[in-house]
Amino acid sequence: MIQIALRTRSLEVAMMRRKSLAEADDALWSSLALQAEDSERARSRATTERHRSAVARAMAEGFVYRPVEEVAARLDLEAIVDRLRNVDRSVEPTEEKTEALLGGAPEEKDRTTVSEAFELYVSKIAFDDQYNKSDAQRKSWEKRKQVSIDYFIEREGDIPLLDITREVATRYRDWWQSRMLPQKDGAKPFTPNTVNRHIGNMRSLYLRYFKYRGETDVED
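Notes on the structure follow. (Residues numbered from 1 in each chain as written. Predicted model: local features only at pLDDT ≥ 70, side-chain atom pairs only at ≥ 80, totals over all residues. Heavy atoms only, no water.)

Digging into the overall build of the chain
Each helix and strand in the chain was counted, giving ten helices and zero strands. Each helix (α) and strand (β) of the chain, taken in turn from the N terminus, gives the series α-α-α-α-α-α-α-α-α-α. Once the C-alpha set of the chain is aligned to its principal axes, its extents read approximately 75 × 45 × 40 Å. Burial status across the chain gives 35% buried among its 220 residues. Here the analysis covers contacts within the chain between residues at least 6 apart in sequence; of these, 62% occur between residues at least 24 apart. Summed over its atoms, the accessible surface of the chain is roughly 14600 Å², and 51% of this surface lies on carbon and sulfur atoms. For the chain, the distance from the average position of its 38 positive side-chain charges to the average position of its 40 negative side-chain charges is 6 Å. (Helix = DSSP H or I, 4+ residues; strand = E, 2+ residues; numbered from the N terminus. Buried < 20%, exposed > 50% of the residue type's maximum accessible area, 1.4 Å probe, protein only. Contact = heavy atoms within 4.5 Å. Areas by Shrake-Rupley, 256 points an atom, 1.4 Å probe, with all protein chains shown as cover. Lys, Arg positive; Asp, Glu negative; His and termini not counted. Charge placed at Lys NZ, Arg CZ, Asp CG, Glu CD.)

Pasting the structure below:
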């Protein structure tokens, strides 16, 4: 059993810090496991997980994670000393804590594409949505989601989720709106319910993927 002092008399603050530490440890173990895999993608994901661990660990200590360049350039001396004292407060300061408070974790943009995110969505993120479904029901559920993802990839490409800017989302929405109008080729227009479902499936993938990665401040 590992015991860590949370240094607060507030139950609410203690629960928040405990949750952040648990998230930090989960991300740390994930990064270590990914480092053992011999692939460029695994190494990239390991860097992302290591950074996520540092962000969560800094929060557990009552600080906002800042890259070392920002710590040096933007914080005043008192704020820097406060971080150093917090690191030194440990009996044996760990590399992870030092990295979290002094901003040493490397940061790499997540380049997971739409199709890659959807694979993770089906296998892990949306597990609850498929729970207790029969094989036929699960396949039907996945097929409906896949159609929505395919529409997006067909229009905008299999781009990284981080590259879905407001401009991309607006352009995609406008295309769907045009499909609700009478078509020159005589094709049947899409109904608002169908359009909303396809856009909603992409929105769900986008938001739930980043929530799964621990990034809860991503704008819809």
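Here the narrative resumes.
Observations regarding the pattern of salt bridges
Close approach of charged atoms lets side chains of opposite charge pair. By the definition in use, this model includes 13 salt bridges. The partner of Asp163 in a salt bridge is Arg111, and the shortest N-O contact between them spans 3.0 Å. Taken as a pair, Asp163 in the loop between helix H8 (135–156) and helix H9 (166–179) and Arg111 in the loop between helix H5 (95–102) and helix H6 (114–125) lie far apart in primary sequence, 52 residues in all. A relative accessible area of 40% places Arg111 in the partly exposed class. Connected through shared salt-bridge partners, Glu23, Glu49 and Arg52 make up one network. (Salt bridge = Lys/Arg side-chain N within 4 Å of Asp/Glu carboxyl O.)

Quick word on empty space enclosed by the protein
Across all of its chains, the model carries one cavity of 30 Å³ or more by this definition. As a volume, the largest cavity reaches approximately 40 Å³. Lining of the largest cavity is provided by Ile4, Ala5, Leu6, Arg7, Arg17, Leu21, Ala60 and Glu61. The residue makeup of the lining of the largest cavity, split by class, is five nonpolar, no polar and three charged. (1 Å grid on protein atoms, 1.4 Å probe; cavity = no way out; pocket = protein on both sides within 12 Å on 5 of 7 lines; lining within 4 Å. Points joined across faces, edges and corners; volume = space filled by probe spheres on them. Nonpolar A, V, L, I, M, F, W, Y, C, P; charged D, E, K, R; others polar.)

Looking at unusual backbone geometry
In this structure, Asn132 takes a positive phi of about 70° despite not being glycine. Locating Asn132 in the fold gives a position in the loop between helix H7 (127–130) and H8.

As for the packing of H8 against helix H10 (residues 192–212)
Two numbers describe how H8 lies on H10: the axes approach to 9 Å, and their chain directions differ by 90°. For the element pair H8 / H10, the angle class is roughly perpendicular. Here H8 contributes Arg144, Lys145, Val147, Ser148, Ile149, Tyr151 and Phe152 to the contact with H10, which in turn contributes Arg197, His198, Asn201, Met202 and Leu205. Class assignment for the residues of the contact of H8 with H10 results in six nonpolar, three polar and three charged. (Axes fitted to C-alpha atoms, helices over the stretch in contact; angles between N-to-C directions. Parallel < 35°, antiparallel > 145°, perpendicular 65-115°, else oblique.)

Some points on the environment of Glu23
Examined against the element boundaries, Glu23 turns out to sit in helix H1 (residues 11–35). By relative accessible area, Glu23 is classed as partly exposed at 27%. With 29 residues separating them in the primary sequence, Glu23 and Arg52 have C-alpha atoms 8.6 Å apart. Once residues within four sequence positions are removed from consideration, Glu23 is found in contact with Arg52, Ala56 and Gly214.

So, the environment of Glu142
Residue placement: Glu142 occurs in helix H8. Sequence separation between Glu142 and Asp217 is 75 residues; the distance between their C-alpha atoms is 27 Å. Setting aside residues up to four positions removed in sequence, Glu142 forms contacts with Phe118 and Val122.

Side note on the nonpolar core
Ranked by size, the top nonpolar core spans 25 residues in total, and within it Val114, Tyr121, Leu161, Ile164 and Leu205 carry the most contacts. Only H6, H8, H9 and H10 provide two or more residues apiece to this core. Contacts of Val114, omitting those with residues within four sequence positions, involve Ile149, Phe152, Ile153, Asp158, Ile159, Leu161, Ile164, Met202 and Leu205. Counting eight residues, the second-largest nonpolar core is a separate cluster that includes Tyr65, Val87, Ala100 and Ala105. (Core = buried A, V, L, I, M, F, W, Y, C linked by side-chain atoms within 4.5 Å.)

Geometric descriptors of this kind do not, in isolation, establish any biological role.
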